[in-house]
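# Fold and geometry: a report
For reference, the chains in residue letters:
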Amino acid sequence: MSLPAFLTSRPARPTWLTPRVLRTEALAGLVVALALIPEAIAFSIIAGVDPRVGLFASFTMAVTIAITGGRKAMISAATGAIALVIAPLAREHGLEYLLAAVILGGVLQILFAVGGVARLMRFLPRSVMVGFVNALAILIFTSQLPYLVDVPWTVYALLAVGLAVMVGLPRLTRAVPAPLVAIVALTAFTVAAGVMVPTVGDQGSLPDSLPVLGVPMVPLTFETLSIIAPYALALALVGILESLMTAKLVDDITDTHSDKTRESWGQGVANIVTGFFGGMGGCAMIGQTMINVKAGGARTRLSTFLSGVFLLILVVVLGSVVALIPMAALVGVMIMVAVGTFDWHSIRPGTLRRMPKSETTVMVSTVAVTVATHNLAYGVGVGVLVAIVLFARRVAHLVDVTSVLDPDGTTKIYRVSGQLFFASSNDLVFAFDYADDPAQVVIDLSAAHIWDASTVAALDAITTKYEARGTTVTITGMNDNSRTRHDALAGHLSGAH
């Protein structure tokens with residue numbers, strides 16, 4: 001007698017548990033952790049807090065988002081954008097108020113997620129996304145330049161060797177990530193040869209203990225809320241925007257779909273955890289995510305989780321070793337990330353010739369504002385605004401009004417076609433011949449659509465002008481949506497008569 005199949009068959013092992021995937025995810029996570037250390041220290045300095053605040057934030061953000069996030073393999077940690085947002089609060093009120101703002105920001109992110117903010121991503125034009133990516137690449141590259149100013153010539157030599165390794169090694173083998181090989185090789189050389197160059201240890205002191213759970217020591221009063229609320233709101237908005245934009249970018253790179261709503265509330269949970277563990281908050285990091293996904297080939301949550309774990313081990317247990325890593329090695333990694341992130345196809349002469357000028361304008365404005373302000377939220381906001389204005393301008397010119405006189409000469413029919421909204425309907429009132437038209441006028445809207453109150457007001461104005469001359473106006477052909485809007489507003493808009 002044979003046993004049932006479900007008793008004899010062995011359960012399939014999850015894909016991410018295979019040795020090859022485990023190796024890829026672990027090595028990618030290690031490279032990300034190494035790249036996170038100087039970044040977290042630098043962002044801590046920007047925020048005006050101790051380096052351990054940024055390092056602990058990177059650990060808790062990465063580990064938490066690996067569980068709660070909606071985009072596999074995306075890295076979240078302390079970021080420059082968040083550091084810029086909270087720096088004034090830390091400077092004026094201290095660390096405890098900063099931690100309270102991070103926690104409140106996380107709560108707001110959860111509320112935004114519940115409110116459906118992730119669905120707004122569908123309204124981001126492709127040209128804004130391209131501008132976002134190119135601006136990030138420029139910011140990643142320019143953020144490395146301070147490490148190449150007023151340094152010994154050996155730094156440039158090490159950088160050149162590191163870049164050569166990262167460009168050449170993948171052509172020979174991809175068994176080990178080229179960035180990891182470059183970091184290990186350059187560190188071993190500088191230590192063995194006694195070469196004196198700037199190292200990770202020169203960027204700030206590394207923590208020697210684990211983060212501790214605690215509650216921010218701030219008064220639970222309305223005054224405290226009024227102090228931290230503006231910063232918490234800014235943190236929540238910037239964090240969600242950067243994270244969702246980065247998630248969309250990874251979706252495109254990996255040809256997979258992510259849960260943007262889960263990512264939104266996952267960021268909130270991660271920031272709440274980070275605030276209670278003494279971290280400065282954070283969001284998705286485009287540079288480290290590109291290291292993880294493109295350079296490391298990672299595709300699962302394991303790499304994100306391990307990047308946080310390795311980071312804590314490196315700074316707490318192996319801090320003395322990590323401190324020896326030359327900054328030239330990490331700068332080389334970030335330069336390669338910048339080069340790989342930039343959408344070079346978008347600036348090719350052939351592409352620019354074929355692309356509509358409005359699309360190029362949107363991309364350039366997104367890049368320019370982002371690079372000028374070092375704030376991705378500002379850049380994306382301006383890019384979307386420019387896209388809306390140019391789109392409205394383009395659509396407004398597609399409205400057409402033609403007229404034909406009835407054979408008996410008693411009725412004139414105006415046929416209006418196109419999308420009628422504030423930008424296109426403002427000139428609609430000038431398309432009619434009020435003085436010479438017959439006693440009956442028909443406005444046929446069967447090829448048009450009424451979108452807003454401005455159009456209804458314009459139609460009211462047209463009707464009023466005709467009625468003042470004793471002309472009867474009949475509006476026909478409206479679709480159900482347009483008729484509902486027109487019937488609800490016609491004659492009730494101030495200034496229409």
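It should be noted that the structure appears before, not after, this text.
In short, a report on the structure. (Residues numbered from 1 in each chain as written. Predicted model: local features only at pLDDT ≥ 70, side-chain atom pairs only at ≥ 80, totals over all residues. Heavy atoms only, no water.)

### Things to note about the sheet that holds strand β3 (residues 400-405)
- Strand order in the open sheet made by the 4 strands is β3-β4-β5-β6, with mixed pairing throughout. Of all strands in the sheet, those with a lone pairing partner are β3 and β6 (472-476), marking the two edges. Going from strand to strand, the sheet's axes swing by 20° on average, the running direction of each strand aside.
- Here 5 bridges tie strand β5 (residues 440-450) to β6, and the two strands are oriented parallel to one another. From the neighbouring strand, Asp444 faces β6, where its bridge partner is Thr476.
- Strand contacts of helix α19 (residues 453-467): β4 (411-420), β5 and β6, with the helix running at about 175° to β5, the strand carrying the most contacts.
- Strands β5 and β6 of the sheet are contacted by helix α20 (residues 480-489), whose axis makes an angle of about 120° with β5. (Pairing = 2+ DSSP bridges. Helix = DSSP H or I, 4+ residues; strand = E, 2+ residues; numbered from the N terminus. Axes fitted to C-alpha atoms, helices over the stretch in contact; angles between N-to-C directions. Contact = heavy atoms within 4.5 Å.)

### Considerations on the nonpolar core
- Core analysis: the largest hydrophobic core is formed by 93 residues, its most contacted members being Ile37, Leu55, Ile86, Leu98, Met280, Ile291 and Leu311.
- Among the elements that line this core, the one with the most residues is helix α2 (residues 19-47), at 12 residues.
- Ignoring anything within four residues of it in the chain, the contact list for Leu55 reads Ile37, Ala40, Ile41, Ser44, Leu206, Pro207, Leu311 and Val315. (Core = buried A, V, L, I, M, F, W, Y, C linked by side-chain atoms within 4.5 Å. Buried < 20%, exposed > 50% of the residue type's maximum accessible area, 1.4 Å probe, protein only.)

### A short note on empty space enclosed by the protein
- Counted according to the given criterion, the structure contains 1 cavity of 30 Å³ or more.
- Within this model, the largest cavity holds a volume of roughly 50 Å³.
- Contributing to the lining of the largest cavity are Ala35, Pro38, Glu39, Gln144, Tyr147, Met327, Leu330, Val331 and Met334.
- Taken together, the elements giving at least two residues each to the lining of the largest cavity come down to α2 and α14 (327-341).
- Ranked by residues supplied to the lining of the largest cavity, first place goes to α14 with 4 residues.
- Looking at the lining of the largest cavity, its residues break down into 7 nonpolar, 1 polar and 1 charged. (1 Å grid on protein atoms, 1.4 Å probe; cavity = no way out; pocket = protein on both sides within 12 Å on 5 of 7 lines; lining within 4 Å. Points joined across faces, edges and corners; volume = space filled by probe spheres on them. Nonpolar A, V, L, I, M, F, W, Y, C, P; charged D, E, K, R; others polar.)

### Some words on the packing of aromatic side chains
- All told, the structure shown has 6 aromatic pairs when counted by the stated rule.
- Considering the side-chain rings of Phe432 and Tyr434, the 6.3 Å spacing of their centres and the 35° angle between planes classify their relative orientation as tilted.
- Through successive ring pairs, a cluster of aromatic residues spans Tyr414, Phe432, Tyr434 and Tyr466.
- A cation over an aromatic ring shows up here: Lys465 above the ring of Tyr434, its NZ or CZ 5.9 Å from the ring centre. (Phe/Tyr/Trp six-rings, centres within 6.5 Å; stacked < 30°, edge-to-face > 60°. Lys NZ or Arg CZ within 6 Å of the ring centre and 35° of its normal.)

### Some thoughts on the pairing of β6
- Where burial is concerned, the two faces of β6 differ: the one with Val473 and Ile475 is buried and the one with Thr472, Thr474 and Thr476 is not.
- What joins β5 to β6 is α19, and the crossover it makes is right-handed. (Right-handed = clockwise from strand over helix to strand, strands pointing away.)

### Observations regarding the pattern of salt bridges
- Evaluation of the coordinates by the stated rule reveals 5 salt bridges.
- Asp251 serves as the salt-bridge partner of Lys260, at 2.6 Å between the closest nitrogen and oxygen.
- Put simply, Arg71, Asp251 and Lys260 are held in one network by salt bridges that share partners. (Salt bridge = Lys/Arg side-chain N within 4 Å of Asp/Glu carboxyl O.)

### Looking at unusual backbone geometry
- The backbone of Ala73 shows a phi angle near 75°, a positive value even though the residue is not glycine.
- With respect to the element layout, Ala73 can be found in the loop between α3 (51-68) and β1 (76-77).
- Its identity as a non-glycine residue notwithstanding, Asp255 has a phi of 55°, on the positive side.
- Note on placement: Asp255 falls in the loop between α9 (222-254) and α10 (260-276).

### Thoughts on the pairing of β4
- Pairing of β3 with β4 involves 6 bridges; the strand directions are antiparallel. Across the sheet, residue Val404 finds its bridge partner in β4, namely Ile413.
- Note: β4 against β5, 9 bridges, orientation parallel. Across the sheet, Leu420 pairs through a bridge with Ile450, a residue of β5.

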